[in-house]
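This is what each chain is made of:
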Amino acid sequence: HSMEAVPSLQVVRKSIPDDIEDIVMQSLEKTPADRFRTMKDFSEALGAADISAVARRSSTRNQALRTSGRVTGRVSSRAAPTTGASRKKVMTIAGVAAAVVVGGGFFAFKSLGANGSPAQSGPDPKRIAVMYFDTRGGDSLQFLADGLTEALIGQLSQVEPLSVISRNGVEELRGAAPDSVAQVLGVGTLVQGRVEQAGGMLRLTVAMLDEEGEEIRGSRKVIDRPRGDIFALQDTLAAEVAEFLRTRIGAAVEVQQSRAGTRNASAWEALQRARDEADRIEQLVGSGDTAAVRRQYARADSLFAEASRQEEGWAAPHTERAWLAFQQVRIAIGTGNRPAAARWLEIGREHAGNAVARASRTPDPDALEARATIIYWRYLMGLEPDPAKGEALLDSAEADFRASVAANPGQASALTSLAHLLINRGQIAEAQMRATEAYEKDPYLEAANTTVWRLFTTSIDLADEVNAARWCEEGQRRFPEDARFVECRIRLFVLPNTPPDIPEAWRLLDRYVELSPPRDREVRRLRGEMFVAIALIRAGKEDSAEAVMAHVRERTGNLDPTRELQYFEAIAETMRGNKDRAFELLTTYIAVNPSQRRSFRLDKTWWLEPLRSDPRYARLSGPAS
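Everything numeric here is computed off the predicted structure, so don't read it as measured data. Position numbers for residues start from 1 in each chain and track the written sequence from start to end. It should be noted that, the model being predicted, local features are given only for residues of pLDDT at least 70 and side-chain atom pairs only at 80 or more, the latter also being counted only at that level, while totals for whole chains, interfaces and linings use all residues. Calculation of side-chain values draws on the structure's entire complement of heavy atoms; hydrogens and water are dropped beforehand.

Draft legend 1. Structural context of the packing of aromatic side chains. When the centres of two rings from Phe, Tyr and Trp lie within 6.5 Å, Trp using its six-membered ring, the rings pair. Their planes under 30 degrees apart give stacked, over 60 give edge-to-face, and anything left gives tilted. Enumeration over the complete set of coordinates arrives at 17 aromatic pairs. Geometrically, the ring pair formed by Tyr376 and Tyr379 is stacked, given 6.2 Å between the ring centres and 10 degrees between the ring planes. Note that Tyr376 and Tyr379 are positioned in helix H14 (residues 365–380) at a spacing of 3 residues, about one turn of the helix. For the pair Tyr376 and Tyr379, a shared accessibility class is recorded, and that class is buried. Grouping aromatic residues by their ring pairs yields a cluster made of Phe531, Tyr567, Phe568, Tyr589, Phe600 and Tyr617. To sit over a ring, a charge needs its Lys NZ or Arg CZ within 6 Å of the ring centre and within 35 degrees of the ring normal. Residue placement shows Arg174 over the ring face of Tyr132; its charged tip is 3.9 Å from the ring centre. Only DSSP runs of H or I with at least four residues qualify as helices, and only runs of E with at least two residues qualify as strands; both kinds are numbered from the N terminus onward. In this scheme, a residue with accessible area under 20% of its type's maximum is buried, one over 50% is exposed, and one in between is partly exposed, where area comes from a 1.4 Å probe on protein chains only.

Draft legend 2. Examining the pairing of strand S1 (residues 127–130) more closely. By the alternation rule, side chains of S1 split into Arg127 and Ala129 and Ile128 and Val130, which are all buried. In the sheet, S1 pairs with strand S3 (residues 163–164) via 2 bridges, with the strands oriented parallel. In the sheet register, Arg127 faces S3, and the bridge partner there is Ser163. Think of it this way: DSSP has to see at least two bridges between two strands before they count as a pair. With 3 bridges joining them, S1 and strand S4 (residues 189–198) adopt parallel strand pairing.

Draft legend 3. Structural view of the pattern of salt bridges. Any carboxyl oxygen of Asp or Glu within 4 Å of a side-chain nitrogen of Lys or Arg constitutes a salt bridge here. Under the defined criterion, the tally for this structure stands at 48 salt bridges. In this structure, Glu542 engages Arg576 in a salt bridge whose closest nitrogen and oxygen atoms are separated by 3.4 Å. Linking Glu542 in helix H23 (residues 542–556) with Arg576 in helix H24 (residues 564–576), this pair joins segments that are 34 residues apart in sequence. One network of salt bridges, with partners in common, ties together Glu391, Asp395, Glu398, Arg402, Arg425, Glu430, Arg434, Glu437 and Arg598.

Draft legend 4. Looking closely at helix H10 (residues 265–287). Compared with an ideal rise of 1.5 Å per residue, which puts 23 residues at 33 Å, H10 spans 35 Å between its outermost C-alpha atoms and is within 8% of the ideal. Polar contacts here mean pairs of N or O atoms no more than 3.5 Å apart (in protein, one a potential hydrogen donor and the other a potential acceptor; neighbouring residues in sequence count only if both atoms are side-chain atoms). Looking at where H10 begins, the residue whose side-chain oxygen comes 3.0 Å from the main-chain nitrogen of Ser266 is Asn264. Phi turns positive, to about 80 degrees, at Gly288, one or two residues after H10. A helix is expected to span 1.5 Å for every residue after the first.

Draft legend 5. Fine view of the environment of Arg220. Tracing the backbone shows Arg220 in the loop between strand S5 (201–209) and strand S6 (221–226). For Arg220, a relative accessible area of 46% puts it in the partly exposed group. Distance from Arg220 to Gln192, taken between C-alpha atoms, is 9.5 Å for residues 28 residues apart in sequence. Those residues within four positions of Arg220 in sequence are excluded, and the remaining contacts are Thr205, Val206, Ala207 and Glu215. Here the side chain of Arg220 touches Glu215 through a polar contact of 2.8 Å, side chain to side chain. By definition in these notes, contact holds between two residues if any of their heavy atoms fall within 4.5 Å.

Draft legend 6. View of helix H17 (residues 428–441). With 14 residues, H17 extends 20 Å from end C-alpha to end C-alpha; this agrees with the ideal 20 Å at 1.5 Å per step. Regarding H17, the residues found buried are Ile428, Glu430, Ala431, Gln432, Arg434, Ala435, Ala438 and Tyr439. The elements touched by buried residues of H17 are helix H15 (387–407), helix H16 (412–424), helix H18 (448–461) and helix H19 (465–478).

Draft legend 7. Structural context of the side chain of Ser413. As for its position among the elements, Ser413 is in helix H16. In this structure Ser413 comes out as buried when scored by relative accessible area, which is 0%. Among the polar contacts made by the side chain of Ser413, one reaches the side chain of Glu369 at a distance of 2.7 Å.

Draft legend 8. Spatial organisation of the packing of H14 against H16. In this description, a line fitted to the C-alpha atoms serves as the axis of each element, helices being fitted only across the stretch in contact, and the angle between N-to-C directions of two axes falls anywhere from 0 to 180 degrees. The contact between H14 and H16 brings their axes to 11 Å, and the two run at 30 degrees. Judged by the inter-axis angle, H14 sits roughly parallel to H16. Here the hand of the crossing between H14 and H16 comes out left-handed. For the pair formed by H14 and H16, the contact residues are Glu369, Tyr376 and Leu380 on the first element and Ser413, Ala414, Ser417, His420, Leu421 and Asn424 on the second. When its residues are assigned to classes, the contact of H14 with H16 shows 4 nonpolar, 4 polar and 1 charged. When describing relative orientation, an angle under 35 degrees is termed roughly parallel and one over 145 degrees roughly antiparallel, while 65 to 115 degrees is termed roughly perpendicular and anything else oblique. Helix crossings get a hand from a simple test, with the near helix turned counterclockwise from the far one by less than a right angle marking a left-handed crossing and a clockwise turn marking a right-handed one. Residues were grouped as follows: Ala, Val, Leu, Ile, Met, Phe, Trp, Tyr, Cys and Pro as nonpolar; Asp, Glu, Lys and Arg as charged; and all remaining residues, including Gly, as polar.

Draft legend 9. Region of interest: the environment of Ala429. Relative to the elements of secondary structure, Ala429 occurs in helix H17. By relative accessible area, Ala429 is classed as exposed at 52%. Distance from Ala429 to Leu462, taken between C-alpha atoms, is 7.6 Å for residues 33 residues apart in sequence.

Draft legend 10. Just unusual backbone geometry, in detail. In the Ramachandran plot, Ala463 falls in the positive-phi region, its phi being about 55 degrees despite a non-glycine side chain. Residue position: Ala463 is located in the loop between H18 and H19. Overall, the relative accessible area of 33% leaves Ala463 in the partly exposed class. Within the chain, Arg563 stands out as a residue other than glycine whose phi angle is a positive 65 degrees. Here Arg563 falls in the partly exposed class, since its relative accessible area comes to 30%.

Draft legend 11. The arrangement of the nonpolar core in detail. Residues belong to a common nonpolar core when they are buried Ala, Val, Leu, Ile, Met, Phe, Trp, Tyr or Cys residues joined through side-chain atoms within 4.5 Å. Judged by nonpolar contacts, the single largest core of 63 residues is most densely connected at Phe133, Leu152, Leu185, Ile230 and Val241. Ranked by the residues each element gives to this core, the list is headed by helix H9 (residues 230–249), at 9 residues. Setting aside its immediate chain neighbours within four residues, Phe133 contacts Gln142, Ala145, Leu148, Thr149, Leu152, Gln192, Gly193, Val195, Leu204 and Leu237. The next biggest cluster of nonpolar side chains, apart from the first, holds 61 residues, and it includes Leu495, Phe531, Phe568 and Leu620.

Draft legend 12. The arrangement of the environment of Glu346 in detail. In this structure, Glu346 sits in helix H13 (residues 338–358). Judged by relative accessible area, which is 30%, Glu346 ranks as partly exposed. As a C-alpha pair, Glu346 and Ala322 span 24 residues in sequence and 9.6 Å in three-dimensional space.

In structure tokens form, the structure reads like this:
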């Protein structure tokens, strides 16, 4: 089956309003990120639904409305969590649980793998999901249960015969029924656990479930340890799970000891508490209460500092403080406060440097990724005006991203960031490869929309029409409110062998602007118009294209400080065969963006191919170094 096999509710009952059907269809999305994140979201959508319109939708209505979910924007402390860094707790009853409300809606998932592809004869027992452990006796132990869950995911992920769902995937399904989790994620084995405390003792009860959510006979284990022996508890838990899996899958399953980076139980517990506090910042950002955000940041940061004082040689607290500062960078940029963003980058750089220094003997992928991200953002924000020093920033960030991936090949967030950096360096083929690896390593990555966008842009840069169309469609399906996946449809008309549909391009431009943030709409319209102009050139309507480009030039003013629109105009002039004008525009672009010289030297894309044999191109890109 595929999601297109889900029947319309209106086939059964014509009086069901369109809004209600859309809400139900969103609840049935095969990708967790596309569904409602919480029952509150689900309830609010139902409450806001227009139930007065009962006319049945037209059979020609775009199927994308049924197969696409909504995107809930979140400001996070990092691009995506990996094996040892901060996580973003989303206390959700996933969309699959909401689907149960409408009854029987889950049948469509039964034959799907994790990415919606058909499963084989049945779920593979080696494909495993560790469900977030719950607690007994209130929420006071939840931070501890979360830490134990993620430690087990990390340990099992290192075992070669197993395919373990990342915490990004299981976090979205927190609170859902086990059989629903198994069917959505396409797993054959689930691990379920409960943490409770009596006096100074922790008791962890763990059991393995099959794909139907039924406990497997003989799998239940009860582990009792003093609370101060948290690492012994982690290692015993992993060993017990591994022992059972050996008999279940008929292969050796050897787990390593917990790689927490410390054996100080008090420091580890302090870190989990700090993470719990850091996760609350996202909710406050959404509320718009900046004073509360600052207070919560200070509280979380002080707790991370306390964890580092308890274990001075431990990298993790410093890494967490770096990501926490980077979160403030994103908030500052979102409010247009560039000086504040620069200050927070400096704070984050110091913390990330401390983390890397403490992990000098065994490279820490999370510390390296944090430092790489902060250095790269210094480059992207143009905080180093000297071109040579700017290039050094780029070299340093690339080295750290690569070292992070070398230390942990599953570091999907580092892979997708590395892909972006490589795009800026003109290394498009490798960028595409790295973005593909990121999507394959963790399809549940929170920044999956960004990864899909990079797969689209690298495909179109390489004139790979098939994959450009594929990733544009994937982005539309999964992220219909992301303006980029309307822009991509306009940009497809620019490709040499794609017949341009000019009326459709103008219609898409209006939708692109509508989906853009209000403060960006004016410049986004000009950007979109430039793509339409290039499509007009492809359609042989050069006079119309010139009129559109002239309109863009007249309206640009101070809207384009980086001269990106001039770069696109240079592409248009190149396609028209007007090399003199193209070089004039590119010379201005390079003067404003000198750090792009190396990108021009390494560029292998088709956009400016006709210019490369001209001696002026070599002067434009500068001498090789």
